[in-house]
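One-letter residues, chain by chain:
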Amino acid sequence: MCKLSIIVPIYNAGDNLKKCLESIITQDLEETEILAINDGSTDNSGEIVKKYEKENPKKITYYEKENTGVADTRNFGISKAKGKYILFIDSDDFISEGLIKELKTYIEQDIDIIKFKLKRVNETGEILEKVDGAIFDKCDGQTAFNMLCFSDVLLDSPCIYVFKRELFKENKFKVNTEHEDFGLIPLIILKAKSIISINTYGYCYLQTNGSITRNEDYSKTLKKVNDTLLHYDNMLEFINKENLKETTIKNLKTYYTNAIILKLKELKKEDLDIYIQKIRKRNMVDNIQVNNMKQFVKKLILRINIKLYLKLK
């Protein structure tokens, strides 16, 4: 039986793809499959993967599809996966030596989600930053979320978790949206019956000059802000369907609200008023929790003048 499916969405990954695949195939891959999915690359990514598949036919299965984005590609991988668990690895990143073997010790315990840590690295593999986060023993998803939402800046990154595949049976990455991770991963965590967070920096997130200084079309920035509101509305629907504790509901709304308000900083002046009105229409400022004077002042400024709040941040 296949216990773990490693899903690698690929789009124009170039030479970084070799390091990604090497970091996987040199691991303990007993009862593990690698699904390498080419999302309509226009460079030589397809040829690179085919070579690795030919050399490792029992480890790698290669798929080609037209370009539909990472959300749809991950969903495609989930639909093809045979493993009880799923691990996502982006094709320009890589994983640390021995990670799969360590994760399997927790897979054997039948835990729904295993969370580990991420380190940012440069193109030579030098560690630029170790990203910290909460470490905790096995608990339920709501307890985990209520810890992570205040302590982990990468809570919504799918690449720092191993998930039971069944968690995605009724929950998929929302296709044709930006920030699809933000829209789904917190909700997946909340559906978990058990989750553990381990002190292992297993995911290597590659930082290149291009990724740090990347400029993008402003229309994409507008779409990102708009899609975060779409994910917020979806989150409210999720709350209505799930049996969540009142504390969890408050923290979930606060988590989404804080992220969305900060996204407004990326908008031009002529668009800012439009999105402030969308936030006010949803009464999102009411979600900000007040447990101390600093939070009281934050909420007061947001209620009076969101633009002023953004200038102060």
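The rules behind the values
Residues numbered from 1 in each chain as written. Predicted model: local features only at pLDDT ≥ 70, side-chain atom pairs only at ≥ 80, totals over all residues. Heavy atoms only, no water. Phe/Tyr/Trp six-rings, centres within 6.5 Å; stacked < 30°, edge-to-face > 60°. Helix = DSSP H or I, 4+ residues; strand = E, 2+ residues; numbered from the N terminus. Buried < 20%, exposed > 50% of the residue type's maximum accessible area, 1.4 Å probe, protein only. Lys NZ or Arg CZ within 6 Å of the ring centre and 35° of its normal.

Observations regarding the packing of aromatic side chains
- Counted according to the given criterion, the structure contains 11 aromatic pairs.
- Between the aromatic rings of Phe-88 and Phe-168, the centroid separation amounts to 5.9 Å while the plane-to-plane angle is 80°, which identifies the pairing as edge-to-face. Of the two residues, Phe-88 sits in strand S4 (residues 85–88) while Phe-168 sits in the loop between strand S9 (161–164) and helix H6 (180–191), which places them 80 residues apart along the sequence.
- For Phe-88, a relative accessible area of 0% translates into the label buried.
- Overall, the relative accessible area of 1% leaves Phe-168 in the buried class.
- Centre to centre, the rings of Tyr-255 and Tyr-256 are 5.8 Å apart; their planes meet at 80°, and the pair counts as edge-to-face. As far as burial versus exposure is concerned, Tyr-255 and Tyr-256 are alike and both buried.
- A network of ring pairs unites the aromatic residues Phe-88, Tyr-161, Phe-163, Phe-168 and Phe-173 as a single cluster.
- Sitting above the plane of the Phe-88 ring, Arg-74 keeps its charged end 5.8 Å from the centroid.
- The lysine or arginine in question, Lys-268, covers the ring of Tyr-218, its NZ or CZ lying 4.4 Å from the ring centre.

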